[in-house]
Amino acid sequence: MASPALLMRVVASAYSVAEKAATIVRNVMAAGDLGIVEKTGANDLQTKADRLVQMSICASLARKFPKVTIIGEEELPSDEVTEELIEDGHCEEILKKTCPAQYTGIKEEELVIWVDPLDGTKEYTEGLLDHVTVLIGIAYRGKAIAGVINQPYYNYEAGAGAVLGRTIWGVLGMGAFGFQLTESPAGKHIVVTTRSHSSTLVNDCISALNPDSVIRVGGAGNKIIQLIEGKASAYVFASPGCKKWDTCAPEAILHAVGGKITDIHGNSFQYNKDVKHMNSAGVLAALRNYDYYASRIPSNVKQSLVP
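Residues numbered from 1 in each chain as written. Predicted model: local features only at pLDDT ≥ 70, side-chain atom pairs only at ≥ 80, totals over all residues. Heavy atoms only, no water.

- As recorded by an unreviewed UniProt entry, the chain carries the name 3'(2'),5'-bisphosphate nucleotidase 1 and is attributed to Centropus bengalensis.
- UniProt's Sequence similarities (unreviewed entry) comment on the chain is quoted here verbatim: "Belongs to the inositol monophosphatase superfamily."
- One UniProt comment on the chain, placed under Cofactor (unreviewed entry), says "Mg(2+)". (UniProt positions renumbered as here; feature names shortened; annotations may be inferred.)

Rendered as C-alpha cells:
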C-alpha cells in the first residue's frame, strides 16, 4: 500500500498535537497559576497555557514537517522546547482515509499552518471553559483546506466521570468529522457574535439583520462550532480584531460541510505566508443562507471596514 499523502499525514499529526495541547490547557488550569500577561490591553491576554501550547504545537509539527511554514499567534522567544512538550503521534483513523485527488501532490513547502494555541483566552481566564478552543488550520495556495479544532473542556458541565474534550477535523472535498452536523432552526435568524469586543458598529450590523436572537460568546472556533451544530445561523463580527489564525481552521471545517465565511464585504480570506495577519474587514459566516445575511449588511458598516 502506498504511503498516505502528505496532507493526510499533516492532518493526522495535527489531530494528536491538538489532543496534547488540550491536556496542557487543562493542566495549566488545574495547577492554578495561569501566568496572565496583558498584550495590548485587558481584552488581549496571554496565559501560560497559550505559551506552552504554542511551543508544543509548533515544535511538534516542525520536527515532523520541517519545510512547512508555521505561523502562531504568540510572539515567543525561540527557546529550546522541552521533550515533554513534543507530541509525535498521529491519528490512525485519519491516515486510513483517502486524500482528495486535488491535494495528493502537495509538497511540504507549499503548506502554511496557522496556529491559535488557545482561542478564547479571556474566557479561559474567567472560567467560561466551553468557549475555549485550540485551532490548527492548514492552507495551500492561500486557501484554508484542512483544519483541526480541539475543545479541551467539551462536556465539562456533564459532571464527574464525563470524558472531557473532543477534536473536530475536516478536509475540503472530504467533509468534517468529530461532531454531529446540525442545521439551525428553519426560519429563525440566530446571530452569534463577539462577547468581549463589542462596539456600536458591531451592534448596528447585528440590528440590521433583524435577528430573532443574538448569542454572545468568546472565540472564533467556538462561534463556527455554534454554526455547524445548529445553535446559530450566522456569525457576524463587524470589526477588525480577528486574525488569520482565528479563522483558518474554522474556515476549512465550515467550507468542508458546505458553509461559507468571508469578510463583511464578501471577500475570501487569504492564508499565504506573507499575508497580513489581521482580518481587518470583519467576519461574516453561515452554514446555510449566507447570501441572506450578506445582502443585509448596511453600507455604513461596509464603508467603515476597509479590507
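The structure having been displayed, the exposition proceeds.
### Side note on the packing of aromatic side chains
Right, so step 1: Taken as a whole and assessed by the stated rule, the structure comprises six aromatic pairs.
Right, so step 2: Ring centres of Tyr103 and Tyr140 lie 6.2 Å apart, and the angle between their planes is 90 degrees; this geometry places the pair in the edge-to-face category. Residue Tyr103 is located in the loop between helix 3 (92-95) and strand 4 (111-119), and its partner Tyr140 is located in strand 5 (residues 133-140); the two are separated by 37 residues in the primary sequence.
Right, so step 3: When the centroid spacing of 5.0 Å and the interplanar angle of 80 degrees are considered together, the rings of Tyr292 and Tyr293 count as edge-to-face.
Right, so step 4: Through pairs of rings, three or more aromatic residues link up here, namely Trp114, Trp245 and Tyr271.
Right, so step 5: A cation over an aromatic ring shows up here: Arg166 above the ring of Tyr154, its NZ or CZ 3.8 Å from the ring centre.
Right, so step 6: The ring of Tyr292 carries Arg296 above its face, with NZ or CZ at 3.7 Å from the centroid. (Phe/Tyr/Trp six-rings, centres within 6.5 Å; stacked < 30°, edge-to-face > 60°. Helix = DSSP H or I, 4+ residues; strand = E, 2+ residues; numbered from the N terminus. Lys NZ or Arg CZ within 6 Å of the ring centre and 35° of its normal.)

### Some words on the nonpolar core
Right, so step 1: By size, the foremost hydrophobic cluster in this structure holds 104 residues, and its most contacted members are Leu7, Val11, Ile57, Trp114, Tyr124, Ile136 and Tyr235.
Right, so step 2: At 14 residues, the largest contribution of residues to this core is made by helix 1 (residues 6-31).
Right, so step 3: Among all residues touching Tyr124, those that are not within four sequence positions of it are Val25, Val28, Met29, Leu34, Thr47, Ala49, Leu118, Leu129, Val132 and Tyr153. (Core = buried A, V, L, I, M, F, W, Y, C linked by side-chain atoms within 4.5 Å. Buried < 20%, exposed > 50% of the residue type's maximum accessible area, 1.4 Å probe, protein only. Contact = heavy atoms within 4.5 Å.)

### A look at the sheet that holds strand 3 (residues 69-72)
Right, so step 1: Read across the sheet, six strands follow the order 3-4-5-6-7-8 without closing on themselves; strand pairing throughout is mixed. The open sheet has two edge strands with one neighbour each: strand 3 and strand 8 (175-177). Pairwise comparison of adjacent strand axes, ignoring direction, gives a mean angle of 15 degrees for this sheet.
Right, so step 2: With four bridges connecting them, strand 3 and strand 4 associate as parallel partners. Counted as the bridge partner of Gly72 is Val115 from strand 4.
Right, so step 3: Taken strand by strand, helix 1 contacts strand 4, strand 5, strand 6 (143-151) and strand 7 (166-171), and its axis lies near 30 degrees from that of strand 6.
Right, so step 4: Here helix 7 (residues 244-256) sits on the sheet and contacts strand 3, strand 4, strand 5, strand 6, strand 7 and strand 8; the angle it forms with strand 6, its principal contact strand, is near 100 degrees. (Pairing = 2+ DSSP bridges. Axes fitted to C-alpha atoms, helices over the stretch in contact; angles between N-to-C directions.)

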